[in-house]
Amino acid sequence: MGWTFRSYVTGAIALCLAGPLSVTVFAQEAISGAGQDSSPRSAASTISIPALTPVEIAIDAPLGSKLSKTGELFSFHLAKPIILDGIEVIPAGTTGQGEVIHAKKGGGGGAPGELVLAARYLQVGDRQLRLRSLKLEAIGLDNMGTVVGLNAVAAGTIPLAGMIGLFINGGEKNLAKGTILPAKTAEAFAIEMPAPAGKAEQPITLESTAGNGAASQGRGN
Amino acid sequence: MKKSTVRMLSAAIAVATIPAAASSVMAADKAPVVIPPPPAGKGQIVFYRTGTIMGAAMGCAVNENGQKISSLGAGRYFLLVTEPGRHEYTVKSEAKDVLALQVEADETQYAMCKIKMGIMAGRPDLRPSTEADFVKSSTDRLVDAEDMGPGPGALRPEEVAAAVAAMKAKG
């Protein structure tokens, strides 16, 4: 075997080896390239929740005209997620805080109990989304009409019986734990949304088909 | 039960129900009260008092921070334009009553004064209310300008008329 023959054999072996190696390098470039292409798509997008977006909150503990005190804070959670264009922006269960603006128990003369609440904010990560416009029927059962009727009857029969009206209380306003109340967002609130996991992985799957068929099949199934 | 007692009871019940019947008949004839929206960025409260016989002669002046905003006679209402936030309003006669409200920008809220039974005299009771209850009460007379103030915020009748006209012009 002369030098030239050894050269041919070495060259042939080198060519055989070079083929798969170059394919491997191409495949690696394709995957890493796919990773670069997917980066803008997998980047977080910003969604802005407009001011006055309706929300529904559920209170975490009972509240009432007799039970609650003016000025005390109460906790609640989001009863339904905030969804914009079909995307869940803030999930149900997100906690928040409100304030008892006014609580007065039912009084003599049939006066009903009164309860005025305000939703203050939702805690979204380390930020607070301010809320407003919490609505509820703010008074309990009004018995003042009963007292007036009783007085009218008493006036025609036993005038002193009218004094009974002083001891007739109005109904209390009570809200059970879990009561759902409507409110609104008080401000526009920008929130960063991570790209959906499926979309970030998809480009890699498609590009890697050339170099790794088993992997793509695995994902496809 | 004696016949005379039954007759007296019937008469008393009839007397007690006359105002309610009369007010519903009158409500059908009257045009509904138009409440204009508050100026942009401000909140608004409609204070009203039903026109019942109970305590009709008594006043129900609404105060904030010790200053009278407006008197509130039986069957009358007034509009208070104010800054958003928590506000405390008081009414006082034999006893004092306080109502705190959360005023929201660009929204109208309602508060009602009712005179409830007291030992020597009736006691005003200021409570949160709703637009539906205001409409149902058929309260349709604005408080006169001279019964308003010195506290700020109560819209004078001409200011209410101008706001309603502006609202109608906007469509």
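Residues numbered from 1 in each chain as written. Chains lettered and ligands numbered in written order. Predicted model: local features only at pLDDT ≥ 70, side-chain atom pairs only at ≥ 80, totals over all residues. Heavy atoms only, no water.

Details of the overall build of chain A
Part 1 of the reasoning: Regarding its fold elements, chain A presents four helices and 12 strands.
Part 2 of the reasoning: With 221 residues in all, chain A has 36% of them scored as buried.
Part 3 of the reasoning: Taking contacts inside chain A between residues at least 6 apart in sequence as the whole, the part at least 24 apart equals 71%.
Part 4 of the reasoning: On chain A, roughly 12500 Å² of surface is accessible, and the fraction owed to carbon and sulfur atoms is 61%. (Helix = DSSP H or I, 4+ residues; strand = E, 2+ residues; numbered from the N terminus. Buried < 20%, exposed > 50% of the residue type's maximum accessible area, 1.4 Å probe, protein only. Contact = heavy atoms within 4.5 Å. Areas by Shrake-Rupley, 256 points an atom, 1.4 Å probe, with all protein chains shown as cover.)

As for the layout of surface pockets
Part 1 of the reasoning: Of the volumes computed, that of the second largest pocket is approximately 450 Å³.
Part 2 of the reasoning: At the level of secondary structure, the elements contributing two or more residues to the lining of the second largest pocket comprise β8 (114-124) of chain A together with β6 (96-103), β7 (108-116) and β8 (123-129) of chain B. (1 Å grid on protein atoms, 1.4 Å probe; cavity = no way out; pocket = protein on both sides within 12 Å on 5 of 7 lines; lining within 4 Å. Points joined across faces, edges and corners; volume = space filled by probe spheres on them.)

Some points on the pairing of strand β1 (residues 43-49) of chain B
All names here are of chain B.
Part 1 of the reasoning: When you tally the buried positions in β1, you get seven out of seven residues, the bulk of the element.
Part 2 of the reasoning: Burial along β1 is two-sided: G43, I45, F47 and R49 and Q44, V46 and Y48, pointing in opposite directions, are all buried.
Part 3 of the reasoning: Where β1 and strand β4 (residues 76-82) come together, six bridges link them in antiparallel fashion. Directly across from F47, in β4, lies its bridge partner F78. (Pairing = 2+ DSSP bridges.)

Quick notes on unusual backbone geometry
Part 1 of the reasoning: Backbone torsion omega between B:G149 and B:P150 reads 10°, so that peptide bond is classified as cis.
Part 2 of the reasoning: For A:L52, which is not glycine, the phi dihedral falls at a positive 70°.
Part 3 of the reasoning: With relative accessibility at 45%, the residue A:L52 sits in the partly exposed group.
Part 4 of the reasoning: The phi dihedral of B:D106 falls on the positive side, at around 65°, and the residue is not glycine.

Concerning the packing of aromatic side chains
Both the distance between ring centres and the angle between the ring planes are used here to describe each pair of aromatic rings.
Part 1 of the reasoning: Evaluation of the coordinates by the stated rule reveals six aromatic pairs over all chains.
Part 2 of the reasoning: Ring centres of B:Y77 and B:F134 lie 5.5 Å apart, and the angle between their planes is 70°; on these two criteria the pair is classed as edge-to-face. Here B:F134 lies in helix α2 (residues 131-137) and B:Y77 lies in strand β4, a separation of 57 residues in the sequence. The burial state of B:Y77 is the same as that of B:F134; both residues are buried.
Part 3 of the reasoning: Residue classification places B:F134 among the buried positions, given a relative accessible area of 3%.
Part 4 of the reasoning: Feature note: the residues B:Y48, B:Y77, B:Y110 and B:F134 constitute an aromatic cluster, connected by ring pairs.
Part 5 of the reasoning: The ring of A:F189 has A:R127 sitting right over it, with the charged end atom 4.1 Å from the ring centre. (Phe/Tyr/Trp six-rings, centres within 6.5 Å; stacked < 30°, edge-to-face > 60°. Lys NZ or Arg CZ within 6 Å of the ring centre and 35° of its normal.)

Let's talk about the sheet that holds β8(B)
The strands that make up a sheet are held in pairs by hydrogen bonds between backbone atoms, and each pair lies either parallel or antiparallel.
All names here are of chain B.
Part 1 of the reasoning: As summarised here, the arrangement of the five strands in space is β8-β7-β1-β4-β9, forming an open sheet in which the pairing is mixed. Lying at the two open borders of the sheet, with one neighbouring strand each, are β8 and β9 (141-142).
Part 2 of the reasoning: The pairing of β1 with β7 spans six bridges and is classified as parallel. Bridge assignment links Q44 to a residue of β7, and that residue is T108.

Section: the sheet that holds strand β7 (residues 95-104) of chain A
Part 1 of the reasoning: Taken in spatial order, the six strands close into a barrel running β2-β4-β7-β8-β9-β11 (chain A), and their pairing is antiparallel. Neighbour-to-neighbour, the strand axes of the sheet open up by a mean angle of 45°, direction not taken into account. (Axes fitted to C-alpha atoms, helices over the stretch in contact; angles between N-to-C directions.)

Description of helix α3 (residues 157-170) of chain B
Part 1 of the reasoning: Relative to the 20 Å expected for 14 residues at 1.5 Å per residue, α3(B) spans 20 Å between its end C-alpha atoms, a close match to the ideal helical length.
Part 2 of the reasoning: One or two residues past the end of α3(B) sits B:G171, with phi positive at roughly 85°. (Expected span 1.5 Å × (residues − 1).)

Focus on the nonpolar core
Part 1 of the reasoning: Membership of the largest hydrophobic core comes to 29 residues, with the highest contact counts inside it found for A:I49, A:I57, A:V89, A:I90, A:L117, A:L122 and A:I191.
Part 2 of the reasoning: Among the elements that line this core, the one with the most residues is β8(A), at five residues.
Part 3 of the reasoning: Counting 23 residues, the second-largest nonpolar core is a separate cluster that includes A:A118, B:C60, B:L99 and B:L126. (Core = buried A, V, L, I, M, F, W, Y, C linked by side-chain atoms within 4.5 Å.)

So, the pattern of salt bridges
Part 1 of the reasoning: For the coordinates displayed, the defined rule picks out 14 salt bridges over all chains.
Part 2 of the reasoning: One salt bridge in this structure joins A:K80 and A:E56, with 3.6 Å as the shortest N-O distance. One end of the pair, A:K80, is in the loop between β4 (73-78) and β5 (82-84); the other, A:E56, is in strand β2 (residues 54-59), and 24 residues separate them in sequence.
Part 3 of the reasoning: Across the salt bridge formed by B:E83 and B:K42, the nearest N and O atoms sit 2.4 Å from each other. With B:E83 in the loop between β4 and β5 (85-92) and B:K42 in the loop between α1 (3-29) and β1, this pair connects stretches of sequence that are 41 residues apart.
Part 4 of the reasoning: On the basis of relative accessible area, B:E83 is assigned to the partly exposed category, the value being 43%.
Part 5 of the reasoning: One continuous salt-bridge network, built from bridges that share partners, spans A:K104, A:E114, B:D97, B:D125 and B:R127. (Salt bridge = Lys/Arg side-chain N within 4 Å of Asp/Glu carboxyl O.)

A short note on the pairing of β8(A)
All names here are of chain A.
Part 1 of the reasoning: Burial within β8 is extensive, with nine of its 11 residues counted as buried.
Part 2 of the reasoning: Here β7 runs beside β8; their pairing, made up of eight bridges, is antiparallel. Across the sheet, the residue bridging to A103 is L115, located in β8.
Part 3 of the reasoning: Summarising the sheet, β8 and strand β9 (residues 127-132) pair through four bridges and their orientation is antiparallel. Bridging from a neighbouring strand, Y121 pairs with R130 of β9.
Part 4 of the reasoning: Hairpin connection, β8 to β9: the antiparallel pair is bridged by two residues, and G125 has positive phi, about 60°.

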